Every structure is written in C-alpha cells, then in structure tokens.
Amino acid sequence: MLDLEGLALSADEARLLQSPQVGGLILFSRNYDNPAQLRSLMQSIRALRPDLLVAVDQEGGRVQRFRDGFTRLPPMSVLGRRWLDNPHKAIAQAHEMGWLMATELREYDIDMSFAPVLDLDWGRSDVIGDRAFGPTAEAVTELAGGVMAGMHEAGMAATGKHFPGHGWVAADSHLELPVDERSFDEIEQQDLRPFDALIRRGLDGLMPAHVVYRQACSAPAGFSTFWLQQILRQRLHFDGVIFSDDLSMEGASLAGSYAERCDRALAAGCDMVLVCNHPEGARQVLQHLQNKSIPASHRLARMRARPARVPDPERLQQSRALAAELIKEA
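Since we're looking at a predicted model, the values are computed, not measured. (Residues numbered from 1 in each chain as written. Predicted model: local features only at pLDDT ≥ 70, side-chain atom pairs only at ≥ 80, totals over all residues. Heavy atoms only, no water.)

What follows is about the side chain of Arg-106. By secondary structure assignment, the location of Arg-106 is in helix H4 (residues 87-106). A polar atom in the side chain of Arg-106 sits 3.0 Å from the backbone oxygen of Ile-110. In this structure, Arg-106 is in contact with Asp-111, Ala-154, Met-156, Ala-305, Arg-306, Pro-307 and Ala-308, ignoring residues within four places of it in sequence. (Helix = DSSP H or I, 4+ residues; strand = E, 2+ residues; numbered from the N terminus. Polar contact = N/O pair within 3.5 Å; in protein donor to acceptor, adjacent residues only side chain to side chain. Contact = heavy atoms within 4.5 Å.)

Shown next, in the form of structure tokens:
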C-alpha cells in the first residue's frame, strides 16, 4: 500500500498503481481539497484499478484527513468520558460515530478507515492520548466494539490498532523506536484484552505497533513472529488481515533497508506492507516485490467495502448533530 503526492494522479503514479504488487492506496490530507476533487480523484483511481483497497485515517479528533465537506468527528476520548456516566448510551453513540464516518467515506468509494484505536490511555503517550477511548480494557472494548459495529453496518471493514497496545510507551514511533519494558503477563492482562475481545466479535484487520516489548520479544511487534504468529494467529485465532504500520516510520528503521523492512514484515506475518510519505522507499519496495514475485495474500479481498447504500437523511442529520455535540465536549 502506497500513497500519492497531490490532489490528482500523476502519470507516474497511474503507472505505479497498475502494478499487480500494489494492492492498496492510502490517502492523506494533502490529497484532499473538497468533495468534488475527491470524487474526481477516486473515479480516476477506480478507472485504473477497481479492485484496489483505498484507505484513509479518519478516526476523528486529531486524526481526520478529510475535514471540509465532511462531518468533523470527535476524539474518541469524549465517548470514554460519557461511558463513565452511561455506558449503554455511550456504546450507542460510538456505533453512530462509526456508522457516520464509514457512510461518508463510502459515498466516495473509499473502502476503509484504519480504525478503531484499541490502545489503552495510560496517560503516558502523547501520540495516542485522546485517540484512545479510555484507560480501561472494558471501556475500550465496548466503545471500540460500538464503532466497529457501526462501520460494519455501513459496509466497511474495521482495522484495530496498534497491536498489542501502544498506550504505555511515551516515545512516538514516527520519530523513534519505543520500548515497552512490561512483562508479557502485564500486557496480556490489560492491553491485549480489547484485541482479543474484538477478534471474537469479527474484527477484520489489525495493525501492529512499531514498538519493542522487550520482555516478550526483541523485535518490534510488526516484525515479530512471536506477536503475529504465536499470539495473534495461534493464540487469539485471528484470521483477518494484518497491515504493517508505515515502514517509513523511525520505529521501523531497526529492520534495515526498505526491502529488508518489507521482507521482515511479510515473514513475520503481515499480509500487506505500507510505505507512506517516502516515494523512493515505496518504489524500492515495489521493485523488490516485483523481483521476488510474491503472490497477494488471499485475505486482502475481505477488506473491500460493500457497495454504498443511500443513507437515511434523518439518521444522517441526527448523527451529525451528535458529532457536533460531542465536539463541544472535546
């Protein structure tokens, strides 16, 4: 999965997207100006590759790539605060936020948002912070489960992140390689619980963290057969799609060159590798995959969204009003 430089496909990007080794495209704020431009961009992408997985980070709060022309979504921590007063109502509202987010994206034929965040808010990580639903495994499980159910209702697969939990470490894996010194038992008793529970409820995809959990494995989770094979596939019985986090992040640099990062992520168990914000790195990975003739994972087709349905206008209005209400509390 790679990215684009601007608001429209360049001739070189169009050529790259036609490679069978490119299975996905992730869009960022630099690729969005207004709804008409996004519709035109998506039409040009679909004309080349109707099968391509098109993704965006549209969690809400700080991480919402499309803003003008889309409903402004709240940070998920607001739902966590509402959970403390009325859990059942907060879960229903989480469902509506997941449905609204997915419904608006599906109007433009975008397959998926990398959401929900399943990290616990330990009060230590600024890069996670209010992206998390709360500090307890129960609150995160139930609220993220609500968002997932809403996404599913709108025809969109859900991807939980950042396995097995990014909330404890203070370091930002975009800029450095964080190390979590806790024991496996501590992680299992807290951070792993939302992943375990939502896998049982039908979570479609997962994205591992570029974090080293030193007492469990010396490799970052996204390059670790311990985490992706022994724990995720075998112990938690997850058979969905594993997306690497962005291989251009500093937390991935330990694995070596871009080709080596790709090899290590795939060997550990990732179904698809992401290379974002580094066109040369993306080209290196693409050339490497072409040379090796690695077949696409059979799981990836599951992440394609269902055809968009025309949403009920009254429900849209009510969901947007709820989002505005939640924003005021952020």
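To continue, consider the packing of aromatic side chains. Throughout the structure, instances matching the rule amount to 12 aromatic pairs. Geometrically, the ring pair formed by Phe-163 and Trp-227 is edge-to-face, given 6.1 Å between the ring centres and 85° between the ring planes. Here Trp-227 lies in helix H8 (residues 225-235) and Phe-163 lies in strand S6 (residues 159-163), a separation of 64 residues in the sequence. Exposure remark for Trp-227: the relative accessible area of 0% places this residue in the buried category. One aromatic cluster in this structure is built from Phe-163, Phe-184, Phe-195, Tyr-213, Phe-226 and Trp-227. The ring of Trp-168 carries the charged tip of Arg-124 above its face, separated from the ring centre by 4.0 Å. Sitting over the face of the ring of Tyr-258, Arg-261 holds its NZ or CZ atom 4.4 Å from the ring centroid. (Phe/Tyr/Trp six-rings, centres within 6.5 Å; stacked < 30°, edge-to-face > 60°. Buried < 20%, exposed > 50% of the residue type's maximum accessible area, 1.4 Å probe, protein only. Lys NZ or Arg CZ within 6 Å of the ring centre and 35° of its normal.)

What follows is about the sheet that holds strand S1 (residues 24-27). Strand order across the open sheet formed by 3 strands is S1-S2-S5, with parallel pairing between neighbours. In this open sheet, the two edge strands, each paired with only one partner strand, are S1 and strand S5 (112-113). Pairing of strand S2 (residues 53-56) with S5, which is carried by 2 bridges, proceeds in the parallel orientation. Of the residues in S5, the one forming a bridge with Val-56 is Ser-113. Lying on the sheet, helix H2 (residues 35-48) is in contact with S1 and S2; it crosses S1 at an angle near 170°. (Pairing = 2+ DSSP bridges. Axes fitted to C-alpha atoms, helices over the stretch in contact; angles between N-to-C directions.)

Most of S6 sits inside the fold, with 5 of its 5 residues counted as buried. Note: S6 against strand S8 (residues 205-208), 4 bridges, orientation parallel. From the neighbouring strand, Gly-160 faces S8, where its bridge partner is Leu-206.

Before going further, it helps to spend a moment on the side chain of Asp-111. Mapped onto the secondary structure, Asp-111 falls in the loop between H4 and S5. Among the residues examined, Asp-111 registers a relative accessible area of 0% and is labelled buried. Those residues in contact with Asp-111 that sit more than four places away from it in its chain are Arg-46, Leu-52, Leu-53, Val-54, Arg-106, Met-156, Met-303, Arg-304 and Ala-305.

The next point concerns the packing of H4 against helix H5 (residues 137-153). Contact geometry of H4 with H5 gives a least axis separation of 6 Å together with a crossing angle of 40°. When the axes of H4 and H5 are compared, the pair comes out oblique. As H4 packs across H5, the resulting crossing turns out to be right-handed. Facing H4, whose interface residues are Ala-90, Ile-91, Ala-94, His-95, Gly-98, Trp-99, Met-101 and Ala-102, H5 presents Glu-142, Leu-143, Gly-146, Val-147, Ala-149, Gly-150, Met-151 and Glu-153. Residue classes in the contact of H4 with H5 are distributed as 10 nonpolar, 4 polar and 2 charged. (Parallel < 35°, antiparallel > 145°, perpendicular 65-115°, else oblique. Left-handed = near helix turned anticlockwise from the far one by under 90°. Nonpolar A, V, L, I, M, F, W, Y, C, P; charged D, E, K, R; others polar.)

The sheet built from 4 strands is open, its strands ordered S6-S8-S10-S11 with parallel pairing. Only two strands of the sheet have a single partner each, and these edge strands are S6 and strand S11 (272-274). Neighbour-to-neighbour, the strand axes of this sheet turn through a mean angle of 25°, independent of strand direction. Along the sheet, H8 makes contact with S6, S8 and strand S10 (241-246), crossing S6 at roughly 135°.

Among all positions in helix H7 (residues 192-200), only Leu-192, Pro-194, Phe-195, Leu-198 and Ile-199 are buried. The arc that holds every buried residue of H7, seen down its axis, measures 165°, which confines them to one face. Of the surrounding elements, those touching the buried residues of H7 are H5, S6, helix H6 (184-189), S8 and H8. Where H7 terminates, the next one or two residues include Gly-202, which has phi positive at roughly 105°. (Arc of directions from axis to C-beta.)

In this section: the pairing of S8. Taking every second residue as pointing to the same face, both faces of S8 are buried, with Gly-205 and Met-207 on one and Leu-206 and Pro-208 on the other. As paired elements, S8 and S10 share 2 bridges and run parallel to each other. Bridge pairing in S10 links Gly-205 to Val-241.

On to the environment of Ile-199, then. Following the sequence through the fold, Ile-199 ends up in helix H7. With a relative accessible area of 11%, Ile-199 lands in the buried category. Separated by 39 residues in sequence, Ile-199 and Phe-238 place their C-alpha atoms 6.3 Å apart. Those residues in contact with Ile-199, other than ones at most four positions away along the chain, are Leu-206, Leu-232, Leu-236, His-237 and Phe-238.

Between two packed helices, both the angle of their axes relative to each other and the distance between the axes serve to describe the pair. The interhelical angle for the contact between H4 and helix H11 (residues 313-329), taken along N-to-C directions, is 115°, at an axis separation of 10 Å. Between H4 and H11, the interaxial angle falls into the category roughly perpendicular. Here H4 runs over H11; the crossing is left-handed. Residue-level inspection shows Gln-93, His-95, Glu-96, Met-97, Trp-99, Leu-100, Thr-103 and Glu-104 of H4 in contact with H11, the latter providing Arg-315, Leu-316, Ser-319, Arg-320, Leu-322, Ala-323 and Leu-326. Residues belonging to the contact of H4 with H11 are distributed by class as follows: 7 nonpolar, 4 polar and 4 charged.

Purely geometric stuff here, so don't read any function into it on its own.
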